[in-house]
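# Chains, contacts and geometry: an overview
Each chain, letter by letter, is given below.
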Amino acid sequence: MDRDRILKRLTVLDFLAVDLALYLDSHPDCKEGIKKYNEVVSEADGLREQYENLFGPLFSYRSYSKRDEFNWTDDPWPWENDFNFVVGGEE
Amino acid sequence: MAECRPFDKTIAVTQLAQAYVPIQKMCELMEPVQALLAGTVFPELVDIYK
Amino acid sequence: MWIYEKKQEFPVKIKQQNPALAKLIITQYGGPDGELGASLRYLSQRYAAVTPQSKAILNDIGTEELAHLEMIGSICHQLSKDIDPAEIKAAGFDSYYVDHGTGVYPASAAGVPFTAAYFQSKGDPLTDLYENLAAEQKARSTYEYLMRMTDDPDVLEPLRFLREREIVHFQRFGEALEGVREYLDSKRQFTVKMPKNE
């Protein structure tokens, strides 16, 4: 599957999780918010696994190294143009 | 179904020499990609700068 | 503790070189109202926080600011990495270049290196939150001034994202303030140890 598409969806979901988590920090009793947050985290989890299987580890000292080489070090890194995608408007 | 209000326009309890920010209440959420572009998932917090 | 995820919070993909713009945007890396100051401010204030919610908010926003720091560093790096040396002086980039080349260094647009004097951690939970409300507004204004300095959509998109985050952070600190006020105004029991008689 297209790397840019998975990365874009994962970026979007992780951002929703960040914004919802910040909201829940000051609204810890909001059941609706917790439900939505967990849904987002669940979908992001599945997608993160897909991404890592296809393109390599995302987390420092948490993700498995699934190849013989320690591909955590692989280029490109996130601050480089080639790593990123253009958000655009569509899903 | 009661309409969801994202915040109350009046604050019930105040004192002198303090500043107050109304508490937000979650209502509708934005579409995911729109949320990333806007910088928040809460439409009531979006402030467009031109 | 911190763990690094190998992706950006918001993607930075810049096609057009513009070292003059990098010289300005660096101010949100190491300047008075930038992301480094923001993250150190909130992460330092955590320790004196008194309610679990305000501790969480300081922790989590402080962490998010590190992701923003990375975005700003990426923007400055991508705007200047392949510049034509003949254009450095014309771009007003020469004074930064002689000290840092096309590297990224925490300083303001005027070239003042980063300092902890840009933020406060007063140890007073109310004072700290008021400091943070002001900080988020200063950052928002800075992003607005920066957005006026370019038409490049590749740069404007991440700046627009970062500006909106400041508004959301302001709201969260405002909510934390209410929680801390309620806590400080509530009836609480203190146990005082009586000194032994000599």
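## What to know about the packing of aromatic side chains
One pair of aromatic rings is described through two measures. These are the centre distance and the angle between the planes. Taken as a whole and judged by the stated rule, the model has eleven aromatic pairs over all chains. Here Tyr42 of chain C and Phe173 of chain C contribute two aromatic rings whose centre-to-centre distance is 4.8 Å and whose plane-to-plane angle is 50 degrees, an arrangement assigned as tilted. Residue Tyr42 of chain C is located in helix α3 (residues 35-45), and its partner Phe173 of chain C is located in helix α7 (residues 153-185); the two are separated by 131 residues in the primary sequence. Put simply, the rings of Trp72, Trp77 and Trp79 of chain A together with Tyr4 of chain C pair up and form one aromatic cluster.

## Examining the interface of chain C and chain A
Contacts between chain C and chain A engage 32 residues on the former and 36 residues on the latter. Note on chain C versus chain A: buried area summed over both sides is about 2800 Å², and carbon and sulfur give 59% of it. When the buried surface of chain C facing chain A is broken down by residue, Lys6, Lys7 and Lys13 of chain C rank first, second and third, together holding 27% of it. Counting every contact that joins chain C to chain A gives three salt bridges. With a closest N to O distance of 2.4 Å, Asp14 of chain A and Lys7 of chain C form a salt bridge. Applying the counting rule to chain C against chain A returns 15 residue pairs in polar contact (both at pLDDT 80 or more). Mapped onto the side of chain C that touches chain A, the elements with two or more residues apiece are α4 (52-80) and α7 of chain C. Here the side of chain C that touches chain A takes ten residues from α4 of chain C, the largest share from any one element. Looking at the side of chain C that touches chain A, its residues break down into 13 nonpolar, six polar and 13 charged.

## Section: the state of the cysteines
Summed over the entire model, instances satisfying the criterion amount to one disulfide over all chains. For Cys4 of chain B, the disulfide goes to Cys27 of chain B, at an S-S distance of 2.0 Å. Between Cys4 of chain B and Cys27 of chain B, the disulfide has an S-S torsion of -75 degrees and is therefore left-handed. Placement of the pair is Cys4 of chain B in the segment before α1 (32-38) and Cys27 of chain B in the segment before α1, with a sequence separation of 23 residues. By relative accessible area, which is 19% here, Cys27 of chain B ends up buried. Cys30 of chain A takes part in no disulfide bond, and the closest cysteine sulfur to it belongs to Cys4 of chain B, at a distance of 9.1 Å.

## A closer look at the interface of chain B and chain C
Taken together, the contacts link 19 residues of chain B with 23 residues of chain C. Between chain B and chain C lies a buried interface of about 1800 Å² when both sides are counted; carbon and sulfur atoms form 54% of it. For chain B, the biggest contributors to the area lost against chain C are Val21, Leu45 and Tyr49 of chain B; these three give 35% of the whole. Seen at the junction of chain B and chain C, the total is one salt bridge. Of the charged contacts, one joins Arg163 of chain C and Asp47 of chain B as a salt bridge, the two residues approaching to 2.6 Å between their closest N and O atoms. Summed over the shared surface of chain B and chain C, the number is twelve residue pairs in polar contact (both at pLDDT 80 or more).

## A look at unusual backbone geometry
Cis rather than trans, the peptide bond between Asp75 of chain A and Pro76 of chain A has omega equal to -5 degrees. Tracing the chain through its elements places Pro76 of chain A in the segment after α2 (31-55). One non-glycine residue, Tyr61 of chain A, adopts positive backbone phi at about 40 degrees. Mapped onto the secondary structure, Tyr61 of chain A falls in the segment after α2. The backbone phi angle of Ala17 of chain B is positive, close to 60 degrees, even though this residue is not glycine. Turning to its location among the elements, Ala17 of chain B is positioned in the segment before α1.

## Considering a negative patch on the surface
Taken together, the side chains of Asp68, Glu69, Asp74, Asp75 and Asp82 of chain A define an acidic patch exposed on the protein surface. Note on Glu69 of chain A: relative accessible area 63%, which makes it exposed.

## Some thoughts on the packing of α3 of chain C against α4 of chain C
Residues and elements named next belong to chain C. Their axes nearest at 8 Å, the elements α3 and α4 cross at an angle of 160 degrees. The angle between α3 and α4 falls in the class roughly antiparallel. In terms of crossing hand, the pair formed by α3 and α4 is left-handed. Counting all contacts with α3, which are made through Glu35, Leu36, Ala38, Ser39, Tyr42, Leu43 and Gln45, the residues of α4 involved are Leu58, Asn59, Ile61, Gly62, Thr63, Glu65, Leu66, His68, Leu69 and Ile72. Taken together, the residues that form the contact of α3 with α4 break down as nine nonpolar, six polar and two charged.

Calculation rules
- Residues numbered from 1 in each chain as written.
- Chains lettered and ligands numbered in written order.
- Predicted model: local features only at pLDDT ≥ 70, side-chain atom pairs only at ≥ 80, totals over all residues.
- Heavy atoms only, no water.
- Phe/Tyr/Trp six-rings, centres within 6.5 Å; stacked < 30°, edge-to-face > 60°.
- Helix = DSSP H or I, 4+ residues; strand = E, 2+ residues; numbered from the N terminus.
- Contact = heavy atoms within 4.5 Å.
- Buried area = accessible area lost by both parts, 1.4 Å probe.
- Salt bridge = Lys/Arg side-chain N within 4 Å of Asp/Glu carboxyl O.
- Polar contact = N/O pair within 3.5 Å; in protein donor to acceptor, adjacent residues only side chain to side chain.
- Nonpolar A, V, L, I, M, F, W, Y, C, P; charged D, E, K, R; others polar.
- Disulfide = S-S within 2.5 Å.
- Buried < 20%, exposed > 50% of the residue type's maximum accessible area, 1.4 Å probe, protein only.
- Patch = residues over 30% accessible without salt bridge, like charges linked within 9 Å, V, L, I, M, F, W, Y side chains within 5 Å.
- Areas by Shrake-Rupley, 256 points an atom, 1.4 Å probe, with all protein chains shown as cover.
- Lys, Arg positive; Asp, Glu negative; His and termini not counted.
- Charge placed at Lys NZ, Arg CZ, Asp CG, Glu CD.
- Axes fitted to C-alpha atoms, helices over the stretch in contact; angles between N-to-C directions.
- Parallel < 35°, antiparallel > 145°, perpendicular 65-115°, else oblique.
- Left-handed = near helix turned anticlockwise from the far one by under 90°.

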